[in-house]
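A closer look at the structure
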Amino acid sequence: MPNPERMRINEKVNSIRMPENVKIGLMIDDHRNNCVSNKCEFDYSALAFGQSPFPVPPSLSHSLSRQTERGKYSSTIGIEPLRSAISEFHNHYFGLNTDMDDVIIGNGTSDIFFLIFSLIEGGAIIPSPSWVSYVPQLQLLGKDYHIYHTRAENGYKVDAEGLDDMLTDLERRQHILILNSPNNPTGAVYTRKELEAIADVCSKHGALILSDEIYSITTFDRKSFTSMYDILPEATFATNGLSKCFSAGGYRLGGSLLPTSFHDDVMLAFKKIATTTYTNVSTPTQYAAAEVIRPNEEMEEYFNITREVHRIMGTNFSNSLNDIDGVKATTPEGGFYTFADLNSHRDSLVRNGVKESNDLMGDMLAHPHHIALISGESCLLEPDDFGARLAYVDYDGGAAYRDFIEDPPQGSRSEEEFFRRCAPRMVDGVERISRYLQEKGGMNNGG
Ligand SMILES: Cc1ncc(COP(=O)(O)O)c(C=O)c1O
């Protein structure tokens, strides 16, 4: 008998946790918004949430304002001008040879992942450390997943041999490998050779690949980005969207290239789920996006400037973290994040009540430290692995963009000055982390 005083929630929903980055990110946003007028000094270092700091490109917002009359439902798989623009984008930037029939669109790439996980049979392989949301989605769908623990010595990348062993053990069922390059949280970019080796292993075992390429355009050395779709189009879903490189996470628009071998089956399955759940992605947003995604000079300039600013911020932020005793932060090659290994401080942290990697997040956030970052389970780390993801986007992106245009920094010294001038909160954040670790007792065995 249902209890009239209590609504019972689906057990699968009860079992998942709210993604920590979103929880903490919104909390800090609210706090700052509420306190600005009081000149509150109780500020936070917001290193948890990976949101583009830059303003929406004017061509995108202007285009959206011209589309408000488009009130009709539209095609479930996306309007043709948008699908053809996404195909051109991939062909232009990544040297692919796609057409609009290879593309479907969704409400952001997170939504597309959920659809992909829903429509394919079998489980997933997730490299750790990882972005926070793949696992809760799989849990919600009741799917099994296997964590592939990468190693710092390998640059936290999946290596073909280890993957081969794992897939040999799992071979009886279909699996999808989730690959994210540039990587959240490590900032690593896979080389073509590494992707080819991984693709060979996946082909050998009949595994699919979800290539999450949302940070592709931020790759600091732009030519070094390779799309997995260029290597294994037969078995790859390659996803991208407006959220990171177009600084429009709130527009909720993403797309995926479909695996060529299973194209018709996947398309039909996608249509079935999308039509019966949300019908179509907002029609005005699709028309607006089509105008800016199709390669054009204005966006090219925007990408070039924002990429450079990301590079300068990421490199200097990671360098300053590495100046702290016992902190080993990755040097990002793209994206918005660096991953810091804090295991040299584990003994003192544990002695001071930070028993597990998960506890680090809460302890650092608490007064008086006020450092928001993501650690532990949310990054798929083992409880005794004291690693943390830090997003280097806590600065006024509009001001940094203008500063860069007026006086582009030349050389590493002037880039460091740019970092200090344009990202004072991140400079302060590094100092707070250093103080926090010192107060906890410093490195293990004093060395
Ligand atoms: C690695 C990665 N993939 C996907 C997403 C989600 O992007 P979207 O806004 O398109 O859902 C994010 C957002 O932080 C991300 O970091």
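Reading the values: rules and limits
Residues numbered from 1 in each chain as written. Predicted model: local features only at pLDDT ≥ 70, side-chain atom pairs only at ≥ 80, totals over all residues. Helix = DSSP H or I, 4+ residues; strand = E, 2+ residues; numbered from the N terminus. Rg over C-alpha atoms; globule rule 2.2 N^0.38 Å. Buried ≥ 20, exposed ≤ 12 C-beta atoms within 10 Å, placed from the backbone. Contact = placed C-beta atoms within 7 Å. Near = placed C-beta within 6 Å. Nonpolar A, V, L, I, M, F, W, Y, C, P; charged D, E, K, R; others polar. Pairing = 2+ DSSP bridges. Right-handed = clockwise from strand over helix to strand, strands pointing away. Core = buried A, V, L, I, M, F, W, Y, C linked by C-beta atoms within 7 Å. Domains from an automatic or database assignment. Expected span 1.5 Å × (residues − 1). Axes fitted to C-alpha atoms, helices over the stretch in contact; angles between N-to-C directions. Parallel < 35°, antiparallel > 145°, perpendicular 65-115°, else oblique.

So, on to the overall build of the protein chain. In terms of helices and strands, the protein chain carries 16 helices and 13 strands. Compactness check: the protein chain gives a C-alpha radius of gyration of 22 Å against a globular reference of 22 Å for 447 residues, within 12% of the reference. The C-alpha extent of the protein chain, read off along each of the three principal axes, is 60 × 60 × 55 Å. Out of the 447 residues in the protein chain, the part that is buried amounts to 47%. In the protein chain, once contacts between residues fewer than 6 apart in sequence are set aside, the share between residues at least 24 apart is 74%.

On to the site of the ligand. Taken together, 13 residues sit near the ligand, with Gly108, Thr109, Ser110, Asn184 and Ser243 positioned nearest. Counting residues per element, the shell around the ligand draws most heavily on helix H5 (residues 108–119), at three residues. Classifying every residue of the shell around the ligand gives two nonpolar, ten polar and one charged.

What follows deals with the pairing of strand S4 (residues 145–149). Sheet analysis places strand S3 (residues 123–128) next to S4, joined by five bridges and oriented parallel. Pairing of Ser128 across the sheet is with His149, part of S4. Where the polypeptide runs from S3 across helix H6 (residues 134–140) and back to S4, its parallel neighbour, the crossover connection is right-handed.

With that settled, the discussion passes to the nonpolar core. Counting 123 residues, the largest nonpolar core has Ile209 and Leu373 as the members making the most contacts within it. Among the elements that take part in this core, helix H11 (residues 297–322) stands out by supplying seven residues, more than any other. There are two domains that each give this core at least three residues, and those are domain 1 (11–54 + 299–446) and domain 2 (70–295).

In this section: the environment of Ser181. Tracing the backbone shows Ser181 in the loop between strand S5 (175–180) and helix H8 (192–205). Along the sequence, Ser181 and Phe336 sit 155 residues apart, while their C-alpha atoms lie 12 Å from each other. Residues in contact with Ser181, not counting those within four places in the same chain, are Ala188, Val189, Tyr190 and Glu213.

It is worth spelling out H5 at this point. Over its twelve residues, H5 runs 17 Å from end to end, which matches the ideal 16 Å to within 8%, given 1.5 Å per residue. All of the buried residues along H5 are Gly108, Thr109, Ser110, Asp111, Ile112, Phe113, Phe114, Leu115, Ile116 and Phe117.

The next thing to look at is the packing of H11 against helix H14 (residues 397–406). Closest axis-to-axis distance for the H11/H14 pair is 10 Å, and the angle between their directions is 105°. One finds that H11 runs roughly perpendicular with respect to H14. Where H11 abuts H14, its residues Ile305, Glu308 and Val309 lie against Ala400, Tyr401, Phe404 and Ile405. Residue classes in the contact of H11 with H14 are distributed as six nonpolar, no polar and one charged.

Looking now at the domain arrangement of the protein chain. Split into domains, the protein chain comes out as domain 1 (11–54 + 299–446) and domain 2 (70–295). The distance between the C-alpha centroids of domain 1 and domain 2 comes to 26 Å. Tallying the contact residues gives 34 residues for domain 1 and 34 residues for domain 2. When residues of the side of domain 1 that touches domain 2 are traced back to their parent elements, those giving at least two are helix H1 (11–15), helix H2 (20–35), H11, strand S10 (337–341) and strand S13 (387–391). With six residues, H11 is the single largest residue contributor to the side of domain 1 that touches domain 2. Looking at side-chain class alone, the side of domain 1 that touches domain 2 contains 13 nonpolar, 13 polar and eight charged residues.

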